[in-house]
Amino acid sequence: MASVLIDSIQKNYGVTSVLRGVSLSIADGEFLTLLGPSGCGKSTLLRILAGLEVQDAGSVTIGERVVDGLRPKRRDVAMVFQSYALYPHMTVASNIALPLRMRKLSAVRRLPLLGRLLPGTTQVAGEIDEEVTRTAKSLGIGHLLVRKPGQLSGGQRQRVAVGRAMVRNPAIFLMDEPLSNLDAKLRVQMRAEIKELHQGLGVTFVYVTHDQAEAMTLSDRVAVMIDGELLQVAPPQDIYADPDDRRVAEFIGSPKINMLDGVVRERGLIDVAGATLTIETDARPGAALTLGIRPEAFHLADHGGQGSLTGSVRMIEHMGSDLFVHLDLAGIDHPLIVRLLAERAPYITPGQTLHVGVRPDRVLLFARDGRRLRRDAESDWTSVTPFREVAR
Ligand SMILES: Nc1ncnc2c1ncn2[C@@H]1O[C@H](COP(=O)(O)OP(=O)(O)OP(=O)(O)O)[C@@H](O)[C@H]1O
Ligand SMILES: [Mg+2]
């Protein structure tokens, strides 16, 4: 088991800066997920941790050791790739056994004929077989040991790849989108299995995905990466409910968070989309802010006016227990998405005028440059600097 310290990692490919000073401390036994859009640098960072890629600046410490310059084999990490990376000509058993054979048998002992003649080889080979069988059984692929990868389903191949990582008994598991080649149902099932694997082994996992559901369900903490920078590292519920940055708020959540431009009318009142909302802010009159409101933060209101928004229903998406209502608001070019419980909203039809209220404490305020503006819990409301800017 080991912790990981990533300190100011930079990586450029030619003139393209892929990682721009990434720092992150991962606790021993933690499940940390790197989450971000395609091309943001997740795999590059994981490959640097594994030693498959060399950073241009910064350093990586695993456990007590600075591992920069150490070859992948010597880092005590095991990596599982999206593509499984199995040897097609070898059986499942041989694929899983490979790291054990490399570690436990010398090059001479691995020779097919001569090796067996050397004393002790048979015993070690027997131990390897036992461990492979035990691991395969624990992953539910014990009956597939004599097959080749080409004769397996995607989920089975992924289990073989996980098995091959497990027998190495690494201090750290690195997983790069291990489930993205699987269909939706299998992905959910394997997600649960990965969570169990982590709980069972108790070792550190660094997991890469661009699937937010995976990140939210698996992780102790999520590190949101966009354009080669970590914007926020926090438990999943904080990433969702208390984002530091507009880009984090917009990347997490489906449907997307609503973003509305507003202007402070007077202390505690913000003009937005033709209405005035009462939001505890004493930002100066005239200050331009952006309000982030998640679809589920709205509720139906009887009338428009102070505290609620009024719009015309453009369309309704029925999701079973919920409805997503798209509302056109005066002067706003994109519809507001409002999530309502289906049983509470049976009569909504397109073209109808609808009033929706929002709880002030569910409104996230952002500066126009995207930084989150938080109420400073310490400040009293007579203060002229009501917001503490988030340190970046
Ligand atoms: N060997 C390379 N040479 C040049 N550019 C590269 C190389 N490897 C990656 N890149 C670029 O670096 C950026 C980050 O790539 P990376 O593979 O880390 O992204 P990612 O976040 O893993 O994306 P995805 O979710 O699509 O896998 C991309 O713009 C990519 O094109
Ligand atoms: Mg990648």
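Since we're looking at a predicted model, the values are computed, not measured.

Engineer: In this structure, what is going on with the layout of surface pockets? I would like to understand it.
Structural biologist: A probe matching the size of a water molecule, rolled over the atoms, marks out where space remains unfilled. Of the voids in this model, the largest pocket is the one considered here, and its volume is about 720 Å³. Taken together, 20 residues form the lining of the largest pocket, with Lys73, Val77, Pro99, Arg164 and Arg168 sitting closest to its centre. At the level of elements, β6 (77-80), α2 (92-104) and α5 (154-166) are the ones that each hand at least two residues to the lining of the largest pocket. Counting residues per element, the lining of the largest pocket draws most heavily on α2, at four residues.

Engineer: Any chance you could explain the nonpolar core here in plain terms?
Structural biologist: The nonpolar side chains of a soluble globular protein tend to be buried, and buried together. Formed by 36 residues in total, the largest nonpolar core has its most connected members in Ile96, Met175, Ile194 and Phe205. Going through the elements one at a time, β6, α2, α4 (121-138), α5, β7 (172-176), α6 (184-201) and β8 (204-209) are the ones with two or more residues in this core. Among the elements that make up this core, the one with the highest residue count is α5 (five residues). Residue contacts for Phe205: discarding those within four places in its chain leaves Glu30, Phe31, Leu32, Phe173, Met175, Ile194, Leu197 and His198. Core analysis: the next-biggest nonpolar cluster, separate from the first, contains 34 residues, Leu289, Val313, Ile332 and Leu354 among them.

Engineer: Looking at this model, I keep getting lost on helix α1 (residues 42-50). Mind explaining?
Structural biologist: One turn of an α-helix holds 3.6 residues; hence residues three or four places apart share an orientation. The buried fraction of α1 is high, at seven of nine residues. For α1, the complete set of buried residues consists of Lys42, Thr44, Leu45, Leu46, Ile48, Leu49 and Ala50. Just downstream of α1, Gly51 is the residue with a positive phi angle, here 90°.

Engineer: I keep staring at the site of ligand 1 and nothing clicks. Help me out?
Structural biologist: In the vicinity of ligand 1, the contacting residues are Tyr13, Val18, Pro37, Ser38, Gly39, Cys40, Gly41, Lys42, Ser43, Thr44, Glu177 and His210. Between an oxygen atom of ligand 1 and a side-chain N or O atom of Thr44, the distance comes to 2.5 Å. Taking 640 Å² as the accessible area of ligand 1 by itself, protein coverage stands at 56%. The element that contributes the greatest number of residues to the shell around ligand 1 is α1, accounting for three residues.

Engineer: I tried to follow the side chain of Thr209 on my own but got confused; where do I start?
Structural biologist: Inspection of the secondary structure assignment puts Thr209 in strand β8. A residue is classified by how much of its surface remains accessible, and Thr209, at 2% relative accessible area, is buried. Separated by 3.0 Å, the side chains of Thr209 and Glu214 make a polar contact. Residues contacting Thr209, with those up to four places away along its chain left out, are Thr33, Leu34, Leu35, Gly36, Lys42, Glu177, Glu214 and Ala215.

Engineer: What am I meant to see in the domain arrangement of the chain here?
Structural biologist: In terms of domain boundaries, the chain breaks down into domain 1 (4-241) and domain 2 (257-382). If you average the C-alpha positions of domain 1 and of domain 2, the two centres end up 43 Å apart.

Engineer: Which parts of the structure should I look at to understand the side chain of Lys42?
Structural biologist: Looking at the secondary structure, you find Lys42 in helix α1. Within the buried core, Lys42 has no salt-bridge partner, and the shortest N-O distance to an opposite charge, that of Glu177, equals 4.4 Å. Non-local contacts of Lys42, meaning those with residues more than four positions away in its chain, are made with Leu34, Leu35, Gly36, Pro37, Glu177, Val208, Thr209, His210 and Met225.

Basis of the calculations
Residues numbered from 1 in each chain as written. Chains lettered and ligands numbered in written order. Predicted model: local features only at pLDDT ≥ 70, side-chain atom pairs only at ≥ 80, totals over all residues. Heavy atoms only, no water. 1 Å grid on protein atoms, 1.4 Å probe; cavity = no way out; pocket = protein on both sides within 12 Å on 5 of 7 lines; lining within 4 Å. Points joined across faces, edges and corners; volume = space filled by probe spheres on them. Helix = DSSP H or I, 4+ residues; strand = E, 2+ residues; numbered from the N terminus. Core = buried A, V, L, I, M, F, W, Y, C linked by side-chain atoms within 4.5 Å. Buried < 20%, exposed > 50% of the residue type's maximum accessible area, 1.4 Å probe, protein only. Contact = heavy atoms within 4.5 Å. Near = heavy atom within 4 Å. Polar contact = N/O pair within 3.5 Å; in protein donor to acceptor, adjacent residues only side chain to side chain. Areas by Shrake-Rupley, 256 points an atom, 1.4 Å probe, with all protein chains shown as cover. Domains from an automatic or database assignment. Lys, Arg positive; Asp, Glu negative; His and termini not counted. Salt bridge = Lys/Arg side-chain N within 4 Å of Asp/Glu carboxyl O.

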